[in-house]
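Each chain, written out:
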Amino acid sequence: MLHNRRFQVCINSEKSRWRSQRNGLPQGSVLAPTLFNIYTNDQPRDAGTARFLYADDLALASQAATFEEVEGTLTAALRKLGDYYSQNALRPNPSKTQSCAFHLRNHQANRELDITWEGVKIQHCSSPKYLGVTLDRSLTYKTHCQTTKKKVSSRNNLLRRLTSTSWGASPQVLRTSSLALCFSAAEYACPIWARSAHAREVDVALNDTVRIVTGCLKPTPLHKLYSLAGIAPPSIRRKVACSVEKAKQECDSRHPLYSHTAAPSRLKSRKAFLNSEVSLTDENPQNARLRLWEEKQPQDPFLPLEEKLAPGNSLPWHIWKTLNRLRAEVGCCKDNLCKWGYTVGTNLCDCGTAPQTMEHLLSCPLCPSTCTREDLLQANQNAIKVASFWSGQI
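Every value quoted in this text rests on a predicted model; they were computed, and no experiment measured them.

**Observations concerning the pairing of strand β5 (residues 49-54)**
Link 1 in the chain: Where β5 lies against strand β6 (residues 57-62), 6 bridges are found, and the strand directions are antiparallel. Bridge pairing in β6 links Ala 50 to Ala 61.
Link 2 in the chain: Here β5 folds back onto β6, and the loop between the two strands holds 2 residues, one of which, Ala 55, carries a positive phi near 55°.

Here you go:
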């Protein structure tokens, strides 16, 4: 595998001559990442620094009372790394290396670290990105939350396209797609940034995701949205994810933070999950989400709290959407349109007997069938007939 290997370069149908591979690993090999990790696992650890290594991505961290101390420590650590790389046929890339200072000294917010490596000054970056998480000077994670919100919003557009087709607009498909596309992106590395005040920006995009799954309108109360979709609210999902990560950190010796004690924090929003979360070892994550959800929800829940779609999820999309709007009592009836300012005139129903409210639609004389609130929650035949009649109108 490692000896007598040859390679060739092809550009615009022109091929180079064959050359022998004298060092390195074959690209695309399944075993190559493991061999590379073994080969570079003995990189020197300098005193006063912490090392975080993922494949060929190395982060060095140092903490001190002054900038000058940090600069001296990191410069010395990089010098030792440079010697190690030259001895082991590895080539560092100082031009792609970045530095950043994390502190709460606002009067020195623009202070840049003066660090050199191999004669090249390390570029200072105020918002570096490490393993998909955008950091900032005071660790507010504002930029990361804004970026995550945009990512979820763009995936919502993909999800929204499914509702305009006949082959992908199944409620089950929409829910599964939302968890795989939107919620997975929104919860990536959430134990790190979940306590940020800007995490609510991500919730705004996820609320839109659940509206797409249920077909409900924007004024629909959030607790009804998540009950209909069968998805625990984002804050609860993040809290359970933090507890799961805490359990891994305590029990798995392979975890990068195993046996690590987090330093005390001055601000609540910067507090590490190691100090603020309880380990989830004896409880299933799904059960934990349901327990926290029941504690947060009102005493009289809108629907039984379950991580599955509400009854009626096998119905066609247009009937499922109308059924959910009738359940949530938020739809495009004349009374609501007048309240929202979308129409000027009377809110009287076409039947001429009463204002066209969401409650009136359940027993309107124009509809050949009637149903009760309980019928809607159960999605029985009476509810389906009423939803089918008003489909496309509300």
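**Here's the deal with the nonpolar core**
Link 1 in the chain: Of all hydrophobic cores here, the largest spans 42 residues; its most connected members are Trp 193, Leu 206, Tyr 226 and Trp 293.
Link 2 in the chain: At the level of secondary structure, the elements contributing two or more residues to this core comprise α3 (142-162), α4 (171-186), α5 (190-193), α6 (199-214), α7 (222-229), α8 (234-251), α10 (285-296) and α11 (317-328).
Link 3 in the chain: Each residue touching Leu 206, except ones within four places of it in the same chain, is listed here: Val 152, Cys 182, Phe 183, Ala 186, Tyr 226 and Pro 234.

**Here's the deal with the packing of α11 against helix α14 (residues 381-390)**
Link 1 in the chain: As a packed pair, α11 and α14 sit with axes 8 Å apart at the nearest point and diverge in direction by 105°. One way to sum up the angle between α11 and α14 is to call them roughly perpendicular. Along the contact surface, α11 presents Ile 319, Thr 322, Leu 323 and Leu 326, while α14 presents Ala 383, Ile 384, Val 386, Ala 387, Ser 388 and Trp 390.

**A few points about a nonpolar patch on the surface**
Link 1 in the chain: Residues Phe 7, Val 9 and Ile 11 make up a contiguous nonpolar surface patch of roughly 270 Å² in combined accessible area.
Link 2 in the chain: In this fold, Ile 11 is placed in strand β2 (residues 10-11).
Link 3 in the chain: Owing to a relative accessible area of 56%, Ile 11 belongs among the exposed residues under this scheme.

**Notes on the confidence of the model for the protein chain**
Link 1 in the chain: Chain-level statistics for the protein chain give a pLDDT mean of 90 and a share of 98% at 70 or above.
Link 2 in the chain: The weakest mean pLDDT in the protein chain belongs to helix α9 (residues 273-276) at 84; the strongest belongs to α6 at 95.

**Quick look at the packing of α6 against α11**
Link 1 in the chain: Contact pair α6 / α11: the axes reach a minimum separation of 8 Å and the direction vectors enclose 120°. Facing Ile 212, Val 213 and Thr 214 of α6, the residues of α11 in contact are Trp 317, Trp 320, Lys 321 and Asn 324.
Link 2 in the chain: Taken together, the residues of the contact of α6 with α11 break down into 4 nonpolar, 2 polar and 1 charged.

**Here's the deal with the packing of aromatic side chains**
Link 1 in the chain: Taken as a whole and assessed by the stated rule, the structure comprises 4 aromatic pairs.
Link 2 in the chain: Plain terms: the ring middles of Trp 340 and Tyr 342 are 6.5 Å apart, the flat faces sit at 90° to each other, and that makes the pair edge-to-face.
Link 3 in the chain: According to the relative accessible area criterion, Trp 340 is partly exposed, its value standing at 30%.
Link 4 in the chain: An aromatic cluster is defined as three or more aromatic residues linked by ring pairs; in this entry it consists of Tyr 84, Tyr 85 and Trp 117.

**A word on the pattern of salt bridges**
Link 1 in the chain: Applying the stated criterion across every chain, the model contains 17 salt bridges.
Link 2 in the chain: The shortest N-O distance in the salt bridge between Glu 277 and Arg 195 comes to 3.8 Å. In this pair, Glu 277 is assigned in the loop between α9 and α10 and Arg 195 in the loop between α5 and α6, connecting sequence segments 82 residues apart.
Link 3 in the chain: Taking the relative accessible area as the measure of exposure, Arg 195 reaches 18% and is therefore buried.
Link 4 in the chain: Between Lys 334 and Asp 350 there is a salt bridge, with the nearest N and O atoms lying 2.7 Å from each other. Of this pair, Lys 334 sits in helix α12 (residues 334-340) while Asp 350 sits in the loop between α12 and α13 (373-378), placing them 16 residues apart in sequence.
Link 5 in the chain: The class for Asp 350 is exposed, based on a relative accessible area of 59%.

**Focus: the environment of Thr 73**
Link 1 in the chain: One can find Thr 73 in helix α2 (residues 67-87).
Link 2 in the chain: Beyond its immediate chain neighbours, meaning those up to four positions away, Thr 73 contacts Asp 46, Ala 47, Gly 48, Thr 49 and Ser 62.

**A look at the environment of Ala 383**
Link 1 in the chain: Tracing the sequence through the fold places Ala 383 in helix α14.
Link 2 in the chain: Between the alpha carbons of Ala 383 and Thr 372 there is a distance of 7.7 Å; along the sequence they are 11 residues apart.
Link 3 in the chain: The contacts of Ala 383, once residues within four sequence positions are left out, are Leu 323, Cys 371, Asp 375 and Leu 376.

Cut-off values and rules
Residues numbered from 1 in each chain as written. Predicted model: local features only at pLDDT ≥ 70, side-chain atom pairs only at ≥ 80, totals over all residues. Heavy atoms only, no water. Pairing = 2+ DSSP bridges. Helix = DSSP H or I, 4+ residues; strand = E, 2+ residues; numbered from the N terminus. Core = buried A, V, L, I, M, F, W, Y, C linked by side-chain atoms within 4.5 Å. Buried < 20%, exposed > 50% of the residue type's maximum accessible area, 1.4 Å probe, protein only. Contact = heavy atoms within 4.5 Å. Axes fitted to C-alpha atoms, helices over the stretch in contact; angles between N-to-C directions. Parallel < 35°, antiparallel > 145°, perpendicular 65-115°, else oblique. Patch = residues over 30% accessible without salt bridge, like charges linked within 9 Å, V, L, I, M, F, W, Y side chains within 5 Å. Areas by Shrake-Rupley, 256 points an atom, 1.4 Å probe, with all protein chains shown as cover. Salt bridge = Lys/Arg side-chain N within 4 Å of Asp/Glu carboxyl O. pLDDT = per-residue confidence, 0-100. Nonpolar A, V, L, I, M, F, W, Y, C, P; charged D, E, K, R; others polar. Phe/Tyr/Trp six-rings, centres within 6.5 Å; stacked < 30°, edge-to-face > 60°.

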